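Observations on the model geometry
Below, each chain spelled out in residue letters.
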Amino acid sequence: MPHTIAVAGKGGVGKTTTCGMLIDYLCKKKDGPVLVVDADANSNLNEVLGVEVETSLGQIREEMAQAELKGTIPTGMTKADYAEMKFSQALIEDDDFDMLVMGRTQGKGCYCYVNGVLQSQVAKYVPNYSYVVMDNEAGLEHIARGTLPHVDTMLLISDCSRRGVQAVARVAEMVQEMNLNPGQMGLIINRAPDGVLDAGVKEEIEKHGLKLFGVLPQDEAVYRCDCDGEPSAKLPDSDPMKVALRGIMQSIGL
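Summary of the structure given here.

Conventions we followed
Residues numbered from 1 in each chain as written. Predicted model: local features only at pLDDT ≥ 70, side-chain atom pairs only at ≥ 80, totals over all residues. Heavy atoms only, no water. Axes fitted to C-alpha atoms, helices over the stretch in contact; angles between N-to-C directions. Helix = DSSP H or I, 4+ residues; strand = E, 2+ residues; numbered from the N terminus. Parallel < 35°, antiparallel > 145°, perpendicular 65-115°, else oblique. Left-handed = near helix turned anticlockwise from the far one by under 90°. Contact = heavy atoms within 4.5 Å. Core = buried A, V, L, I, M, F, W, Y, C linked by side-chain atoms within 4.5 Å. Buried < 20%, exposed > 50% of the residue type's maximum accessible area, 1.4 Å probe, protein only. Nonpolar A, V, L, I, M, F, W, Y, C, P; charged D, E, K, R; others polar. Expected span 1.5 Å × (residues − 1). Pairing = 2+ DSSP bridges. Phe/Tyr/Trp six-rings, centres within 6.5 Å; stacked < 30°, edge-to-face > 60°. Lys NZ or Arg CZ within 6 Å of the ring centre and 35° of its normal. Salt bridge = Lys/Arg side-chain N within 4 Å of Asp/Glu carboxyl O.

1. Looking at the packing of helix α3 (residues 57–70) against helix α4 (residues 79–88)
Two numbers describe how α3 lies on α4: the axes approach to 10 Å, and their chain directions differ by 155°. When the axis of α3 is compared with that of α4, the two are roughly antiparallel. At the point where α3 passes α4, the crossing takes the right-handed sense. Residues Leu57, Ile60, Glu63, Met64, Ala67 and Glu68 of α3 lie in contact with α4, whose contacting residues are Lys79, Tyr82, Ala83, Lys86 and Phe87.

Here it is as structure tokens:
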């Protein structure tokens, strides 16, 4: 089985940027293929990585539900065959990694069947990779659904604020309530001035009993990428945020 990594945190803390740089790090290790699952409905992980997305699993899920409702599944195809055909169209194949974008389902009604198919499709892909990285929204919806077979490393991302730490502390509580039992779980603080934690933020981390994996510095180059629409994951390896993240990954055995 691959090493599965789930990344979670509230919006606006640099979670997706951190996730993109993590994926770049894993690809450059060349330990084997990487599957990226963008499960944050509001995320733009593909933009951070510099890849185009033509369709999402959410869109396909919607099409399948409508096709079943209207009876427009092609003649001679079972629902399972139709699902296999449609979901295979959603896998984005890049030079260094493959990617599935979950997206958001807009329609109403029961999606139990197609959600089950989605889970089985991801399970089918997973054994072909050395690493699976899932970028989640704070709600951990897809992990709760069992989309990933297990979680080896849970990364909680926060900015350098007490409120950010409080938000990921709630995510950590959810992880425990869902009995996910990741192999390891820890906090990465992002956008710390000069890469140094404020005493008040340290106090908040200790208050909630969170394990601190490391600190990432505020990075002007990342800010410029965001402003200019450039993929921050493709910044040079000498970039301060990349250097710091590489050190954190190595310290936790990745």
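Once you've had a look at it, read on.
2. Topic: the nonpolar core
In terms of nonpolar packing, the biggest core is built from 37 residues, with Leu155 and Met249 touching the most fellow members. If you tally residues by element for this core, the top one is helix α1 (residues 15–29), at 7 residues. Non-local contacts of leucine 155, meaning those with residues more than four positions away in its chain, are made with Ile5, Ala6, Val7, Ala8, Leu22, Gly186, Ile188, Phe213, Met249 and Ile252. If you look at the next biggest cluster of nonpolar residues, it comprises 20 residues, including Leu57, Tyr82, Met102 and Val132.

3. Overview of the packing of helix α7 (residues 162–177) against helix α8 (residues 199–207)
Where α7 meets α8, the closest approach of the two axes is 9 Å, and the angle between their N-to-C directions is 15°. In this view, α7 runs roughly parallel relative to α8, as classed from their interaxial angle. As for how α7 packs across α8, the hand of that crossing is right-handed. Along its contact with α7, which presents Arg162, Val165 and Gln166, the element α8 presents Gly200, Val201, Glu203, Glu204 and Ile205. Class assignment of the residues belonging to the contact of α7 with α8 gives a composition of 3 nonpolar, 2 polar and 3 charged.

4. Remarks on α7
Compared with an ideal rise of 1.5 Å per residue, which puts 16 residues at 22 Å, α7 spans 23 Å between its outermost C-alpha atoms and is within 8% of the ideal. Among all positions of α7, only Gly164, Val165, Ala167, Val168, Ala169, Val171, Ala172 and Val175 are buried. The elements touched by buried residues of α7 are β1 (3–8), β6 (153–159), β7 (184–192) and α8. Positive backbone phi, at 55°, marks asparagine 179, one or two positions downstream of α7.

5. Re the environment of threonine 18
Among the structural elements, threonine 18 can be located in helix α1. Between the alpha carbons of threonine 18 and isoleucine 157 there is a distance of 8.1 Å; along the sequence they are 139 residues apart. Setting aside residues up to four positions removed in sequence, threonine 18 forms contacts with Ile157, Asn190, Leu216, Met241 and Leu245.

6. Description of the side chain of serine 158
Structurally, serine 158 can be placed in strand β6. Ignoring sequence-local partners within four residues, the contact set of serine 158 consists of Val13, Gly164, Val165, Val168, Leu187, Ile188, Ile189 and Asn190.

7. Remarks on the sheet that holds strand β8 (residues 212–217)
Spatial ordering of the open sheet is given by β3-β4-β2-β5-β1-β6-β7-β8, a layout of 8 strands whose pairing is mixed. The open sheet terminates on both sides in strands that have one partner only, identified here as β3 (92–93) and β8. Two strands pair when backbone bridges link them, and β7 and β8 are joined in this way by 4 bridges, in the parallel orientation. Note on β8: the bridge partner recorded for isoleucine 188 is glycine 214. Of the strands in this sheet, β1, β6 and β7 touch α7, which is tilted by about 160° from β6.

8. Focus on the environment of alanine 8
Looking at the secondary structure, you find alanine 8 in strand β1. Residue classification places alanine 8 among the buried positions, given a relative accessible area of 0%. In this structure the C-alpha to C-alpha distance between alanine 8 and aspartate 135, which are 127 residues apart in sequence, comes to 6.5 Å.

9. Considering the packing of aromatic side chains
This model, assessed by the stated rule, comprises 0 aromatic pairs. We note lysine 124 situated over the ring of tyrosine 125; from NZ or CZ to the ring centre the distance is 5.1 Å.

10. So, the pattern of salt bridges
Counted according to the given criterion, the structure contains 9 salt bridges. Of the charged contacts in the structure, one is a salt bridge between lysine 28 and aspartate 237, with a shortest N-O distance of 2.6 Å. Placement of lysine 28 in helix α1 and of aspartate 237 in the loop between α9 (220–228) and α10 (240–251) is noted, with a sequence separation of 209 residues between them. With a relative accessible area of 43%, lysine 28 lands in the partly exposed category. Judged by its relative accessible area of 36%, aspartate 237 is partly exposed. The salt bridge partner of lysine 29 is aspartate 31, with a shortest N-O separation of 3.0 Å. Through salt bridges that share partners, Asp24, Lys28, Asp237 and Lys242 make up one connected network.

Geometry only, nothing functional implied.
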